[in-house]
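Listed below are the residues making up each chain.
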Amino acid sequence: MLRLFTNLWEKFKEYIILILLILISLILLTQNQSAGVKKVRTIAFGTFASVTSVFNDIFNTSSIRRENENLRRTNAELMLQISKLREYGIIGEDLKEMLALKDTSNLPLIPASIVSKSLSVAQGTVTVNTGSVDGVKPGMPVINHSGLVGIILSTSENYSIARTLQNVNLKVTVKCERTGEHAVMRWNGESLVLINIPKTYQIQKGDRIVTSEISSIIPVSVPVGIAADIGKVETGIFNEITVIPFVDFFRAEHVFILGIVKSKQIEDLELNFFNK
Amino acid sequence: MRLQFILAVLFFFPVLLVQTTIIPLISIGNITPNIIIILLVFYTIKNGQIFGTLLGFVFGFLFDLITGSILGSSMIAKTIAGFSAGYFSSETKRAIYLKPANFSLIVFLSSLFYSIIYSLFSTLDFTTTVLNLLFEHALLPALFTAVISLFLIFFYPKRKLF
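Summarised in this report is the structure supplied together with it. Computed from a predicted structure; not experimentally measured. (Residues numbered from 1 in each chain as written. Chains lettered and ligands numbered in written order. Predicted model: local features only at pLDDT ≥ 70, side-chain atom pairs only at ≥ 80, totals over all residues.)

Describing the overall build of chain A
Phase 1: Scanning chain A from N- to C-terminus turns up 3 helices and 12 strands.
Phase 2: Buried residues in chain A amount to 33% of all 276 residues.
Phase 3: When contacts within chain A are restricted to residue pairs at least 6 apart in sequence, those whose partners lie at least 24 apart make up 59%. (Helix = DSSP H or I, 4+ residues; strand = E, 2+ residues; numbered from the N terminus. Buried ≥ 20, exposed ≤ 12 C-beta atoms within 10 Å, placed from the backbone. Contact = placed C-beta atoms within 7 Å.)

Regarding the pairing of strand β9 (residues 208–211) of chain A
For a regular strand, side chains alternate in direction, first toward one face of the sheet and then toward the other.
Residues and elements named next belong to chain A.
Phase 1: Burial along β9 is one-sided: the residues Ile209 and Thr211 are buried and none of Arg208 and Val210 is.
Phase 2: Sheet topology places strand β6 (residues 171–176) next to β9; 3 bridges connect them, and they run antiparallel. Residue pairing across strands places Lys175 opposite Val210, the latter belonging to β9.
Phase 3: When β9 meets strand β10 (residues 223–230), the two strands line up antiparallel, connected through 3 bridges. Of the residues in β10, the one forming a bridge with Val210 is Pro223. (Pairing = 2+ DSSP bridges.)

Looking at the environment of Ala81 of chain B
Phase 1: Inspection of the secondary structure assignment puts Ala81 of chain B in helix α4 (residues 73–85).
Phase 2: Ignoring any residue separated from it by four or fewer positions in sequence, one finds Ala81 of chain B in contact with Ile37, Leu40, Gly56, Ser110, Phe113 and Tyr114 of chain B.

Topic: the interface of chain A and chain B
Phase 1: Chain A puts 39 residues into the contact, and the matching count from chain B is 36 residues.
Phase 2: Counting residues per element, the ones that place at least two in the side of chain A that touches chain B are α1 (2–29), α2 (35–99), β1 (109–118), β2 (123–128) and β4 (148–155) of chain A.
Phase 3: Of all the elements, α2 of chain A adds the most residues to the side of chain A that touches chain B, at 11 residues.
Phase 4: A class-by-class count of the residues in the side of chain A that touches chain B yields 22 nonpolar, 12 polar and 5 charged. (Nonpolar A, V, L, I, M, F, W, Y, C, P; charged D, E, K, R; others polar.)

As for the sheet that holds β9 of chain A
All names here are of chain A.
Phase 1: If you trace the 6 strands once around the closed barrel, you get β6-β7-β8-β11-β10-β9, paired in antiparallel fashion. The sheet shows a mean angle of 40° between the axes of neighbouring strands, direction not considered.
Phase 2: Looking at chain direction, β6 and strand β7 (residues 182–187) are connected through 5 bridges and run antiparallel. Bridge pairing in β7 places Val174 opposite Ala183. (Axes fitted to C-alpha atoms, helices over the stretch in contact; angles between N-to-C directions.)

Examining helix α2 (residues 35–47) of chain B
Residues and elements named next belong to chain B.
Phase 1: A rise of 1.5 Å per residue sets the reference length of α2, with its 13 residues, at 18 Å; its end C-alpha atoms lie 18 Å apart and thus fit the reference within 8%.
Phase 2: The buried fraction of α2 is high, at 10 of 13 residues.
Phase 3: Buried within α2 we find Ile36, Ile37, Ile38, Leu39, Leu40, Val41, Phe42, Tyr43, Thr44 and Ile45.
Phase 4: Of the residues flanking the end of α2, it is Gly48, one or two places downstream, whose phi is positive at about 105°. (Expected span 1.5 Å × (residues − 1).)

Quick look at the sheet that holds strand β12 (residues 254–258) of chain A
All names here are of chain A.
Phase 1: If you trace the 6 strands once around the closed barrel, you get β1-β2-β5-β4-β3-β12, paired in antiparallel fashion. With strand direction ignored, the average angle separating the axes of adjacent strands in the sheet is 45°.
Phase 2: Pairing of β1 with β12 involves 5 bridges; the strand directions are antiparallel. Looking across to β12, one finds that Ser113 is bridged to His254.

Next up, the structure:
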């Protein structure tokens with residue numbers, strides 16, 4: 001018997017090892033949400049990110065000049081917009097008071113820099129140099145000057161990993177700014193799409209898509225992208241709309257984390273959905 | 001052999017550092033080369049199939065942990081990539097396989113296997129067509145990786161370093 005096993009091992013050891021390792025991988029694939037795995041992951045990326053941040057700073061220096069030019073231009077454009085928005089602001093304040101709406105203009109912004117990126121076609125993630133010490137928590141939205149970048153997935157003491165919009169596991173509730181129609185947006189491995197859109201929806205090519213206030217993960221309107229391609233589904237009642245994101249995930253370097261503190265109950269409910 | 005394995009695992013970290021900081025700067029659209037696969041193929045050709053399979057497993061495990069990917073997805077893909085590259089690790093033909101054109105072709109094949117399996121396990125989106133999966137998710141990144149590997153192996157010093 002032992003000889004038989006020895007012979008089998010000698011003949012097929014490469015295949016036996018391969019099958020064993022694949023089995024272990026498959027088992028681990030089902031353990032992604034376990035507390036142990038999360039803890040190990042936090043330690044691993046926290047340690048690696050501290051090295052990456054030093055390395056990343058060297059490369060960032062060269063891009064500062066280009067970024068400054070962009071910021072100056074953005075500042076000028078914003079200055080023009082501000083004067084217009086001031087007028088609207090006065091009207092808005094009056095209307096808010098009348099409707100007793102909550103003020104969302106003073107949300108806490110936690111500045112952060114992206115220290116590493118894993119931009120695979122299906123699972124885009126970025127590591128940022130702020131962590132639980134700075135008040136970052138899983139589920140907080142990550143934004144930059146262009147719009148929504150992603151959602152914090154996991155935090156260590158000084159670093160956090162965020163799923164970018166280019167991650168198949170991230171679903172965000174969004175709405176069309178013009179029509180106010182709500183939809184769920186996800187990355188299908190190829191492009192951002194609004195899924196299960198009833199054919200009666202009025203969303204058109206070129207419409208701005210922003211995050212929806214009905215989501216308690218991102219309870220403020222953050223720009224997401226532009227509706228680009230309206231699917232033409234012949235059968236069925238639902239459609240798909242492709243969205244071109246405002247954020248260039250490959251070039252994004254500096255971001256802000258919206259430090260929104262929600263009620264524990266809402267947070268738990270939303271995170272259960274987010275973790276799926 | 002054991003020292004070689006430890007060296008390869010240690011060498012993984014600076015390569016991952018480059019993969020996550022510099023490589024995104026040279027990406028074309030959504031197509032990003034995978035230099036970790038190049039390292040894996042290189043060590044597999046030099047040390048054999050079992051070595052490559054185990055190394056792929058460890059690389060995948062570390063990659064999944066550090067980058068926040070679904071734990072297990074990259075492990076399976078890299079294990080199979082290492083295993084497939086192992087078919088080109090014959091001791092008598094090692095020097096031939098490490099020639100730039102051959103090496104690049106092996107990297108292309110391994111990268112193709114890796115990308116297909118990784119996409120299958122990480123995307124799990126059945127709306128993506130097989131043709132799209134093969135072309136955009138696998139063929140183009142594999143081709144890009146093969147081109148990068150051609151440069152790397154071309155400038156690899158003839159004297160033994162690792």
